Structures are given as structure tokens and as C-alpha cells.
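Analysis of the macromolecular model
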Amino acid sequence: MNLIYDEMALTDLEDVPGPDLLKVITAAYRTRTYLSGAATTVVAEAAGQVVGVAFGYPGEREDIVDDVMVDLTTQNAAFDGPYEPEPETHPGEWYLDSLAVDPAYQGRGIGRQLLRALPHYARRDQQTVIGLNVDRENPGAFRLYERMGYQVTGPQMIGDHTYDHMQLRIGQSVQTTHA
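Computed from a predicted structure; not experimentally measured.

Rules and cut-offs
- Residues numbered from 1 in each chain as written.
- Predicted model: local features only at pLDDT ≥ 70, side-chain atom pairs only at ≥ 80, totals over all residues.
- Heavy atoms only, no water.
- Phe/Tyr/Trp six-rings, centres within 6.5 Å; stacked < 30°, edge-to-face > 60°.
- Pairing = 2+ DSSP bridges.
- Helix = DSSP H or I, 4+ residues; strand = E, 2+ residues; numbered from the N terminus.
- Axes fitted to C-alpha atoms, helices over the stretch in contact; angles between N-to-C directions.
- Contact = heavy atoms within 4.5 Å.
- Buried < 20%, exposed > 50% of the residue type's maximum accessible area, 1.4 Å probe, protein only.
- Lys, Arg positive; Asp, Glu negative; His and termini not counted.
- Salt bridge = Lys/Arg side-chain N within 4 Å of Asp/Glu carboxyl O.
- Polar contact = N/O pair within 3.5 Å; in protein donor to acceptor, adjacent residues only side chain to side chain.
- pLDDT = per-residue confidence, 0-100.
- Core = buried A, V, L, I, M, F, W, Y, C linked by side-chain atoms within 4.5 Å.

This paragraph deals with the packing of aromatic side chains. Counted by the stated rule, this structure contains six aromatic pairs. An aromatic cluster of three or more residues is present, and its members are Tyr29, Tyr34, Phe55, Tyr57 and Tyr95.

Next up, the structure:
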């Protein structure tokens, strides 16, 4: 997950030492809010180790999820002030905030398996659309989401970076295509 924050190159975090950022991210993923409260963390395991993670929540809970980072960064002296994430979700969607697979396990279908699990959680949370933002500089991730049926709905600015916002309607079973 730390890699995702690095790739986002958020100016609010550029002066925070890596170990301090990692400490905050780790603490966030240990909270009830992140694990199974307002948000859901789904993990993939291999040989007893976590090798992939998907993290998401209904869009209307974004403020609750963001408050975890605000609280944790307020408590850490490495941050000049609280880190307040920018809005990323669109109305009426279950938002896939993050999907990460250990580089040693990439290319083995783990990301696809995690994506296939998400409609269950979205439906549980009474959502019929899953949304996400994909970095335009990550064509591999874009192709994966596209193969899984996600469609671009428009650009999304997060910090100084433009992403493609993609959505998947989940009224019926998720269909994948092979490319």
C-alpha cells in the first residue's frame, strides 16, 4: 500500500519520511474502520502471507474513512499537520480505494481474484456500481480493469495528477473478457 502512496506523489506527503508514512498506513489498516467497519479490506494469501489487498467502501462513507488518516497524521510529529485526503468517489458507488499485489506475485491472477470478490461487498453495502481511479501512467492496471468490465466515466484529479475514473455496474454477475 505504501507503493500506491509513493506513486500518487501527493505534495502534502512529499516531506514525510517513508518510515513515518508507513507507520501511519499500517496503523490505519489495523483500525476497525478500515478492516470491517465503514470500509472493507479483502486480502489474498499465499503460504500464510498477505500477497494482495483490495480496500474499498461505499462512497457516502468516504469522510469516515478519511478521518482515520486525519486522526493518525495529527498524532504523528513527522506530519506538519493533519493529512486530509481529497474526495475521490462519485455519488452512488462502492469505491475501490486501493488494489495492490506484492510484486513477487503479480501476473498470477491475484488482482483479478480480488476484483471478482468485490461485487459481494458492494451488494452487501447496497451498492450497484463499483468505482475506482486508475493512474493513466499504469496501462497494465487499466487493461486489467477494462478486461473485468470497468468503463471510463471521465477524468479525476487527485492532487496534481489526472486519473481515469472507471465504473462497473454489478446488477448481474461480473463478466470478464480476455484480451
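Having seen the structure, we can now continue with the description.
Bringing the sheet that holds strand 5 (residues 151-158) into the picture now. As a general point, the strands of a sheet are linked pairwise by backbone hydrogen bonds and lie either parallel or antiparallel. What the six strands build is an open sheet, ordered 1-2-3-4-6-5; its pairing is mixed. Here the strands that pair on one side only, and so sit at the sheet edges, are strand 1 (40-46) and strand 5. Taken over all neighbouring pairs, the strand axes of this sheet differ in orientation by 30 degrees on average, direction set aside. Two strands pair when backbone bridges link them, and strand 2 (residues 49-58) and strand 3 (residues 94-101) are joined in this way by seven bridges, in the antiparallel orientation. Directly across from Ala54, in strand 3, lies its bridge partner Leu99. Contacting strand 1, strand 2, strand 3 and strand 4 (129-135), helix 5 (residues 110-124) runs over the sheet at an angle of about 155 degrees to strand 3.

What follows deals with the side chain of Asp135. Tracing the chain through its elements places Asp135 in strand 4. Although Asp135 is buried, it makes no salt bridge; Arg136 carries the closest opposite charge, 7.6 Å away. A distance of 2.8 Å separates polar atoms of two side chains, one belonging to Asp135 and the other to His161.

In this section: the pairing of strand 5. Bridge analysis of strand 5 against strand 6 (residues 161-169) gives seven bridges, and the strand direction is antiparallel. Its bridge partner being in strand 6, Gln156 is matched across the sheet by Tyr163. Between strand 5 and strand 6, which pair antiparallel in sequence order, lie two residues; one of them, Gly159, sits at a positive phi of approximately 65 degrees.

Taken residue by residue, the protein gives an average pLDDT of 86. The fraction at 70 or more is 88%. Across residues 1-10, where pLDDT falls below 50, the model places 23 contacts with residues more than four positions away in sequence or in other chains.

In the structure shown here, the tally under the stated rule is three salt bridges. Of the charged contacts, one joins Asp125 and Arg61 as a salt bridge, the two residues approaching to 3.9 Å between their closest N and O atoms. In this pair, Asp125 is assigned in the loop between helix 5 and strand 4 and Arg61 in the loop between strand 2 and helix 4 (62-74), connecting sequence segments 64 residues apart. Look at Asp125 and you get buried, because its relative accessible area is 12%.

This part is about the nonpolar core. The biggest cluster of nonpolar side chains holds 24 residues, and the ones touching the most others in it are Leu96, Leu99, Leu115, Leu118, Ile130, Tyr145 and Tyr150. When residues of this core are traced back to their parent elements, those giving at least two are strand 1, strand 2, strand 3, helix 5, strand 4, helix 6 (139-147) and strand 6. Here the element with the most residues in this core is helix 5; it accounts for five residues. The contacts of Leu115, once residues within four sequence positions are left out, are Leu96, Leu99, Leu144, Tyr145, Met148 and Tyr150. In terms of nonpolar packing, the next biggest core, distinct from the first, is built from 18 residues, Val16, Leu21, Ala28 and Ala39 among them.

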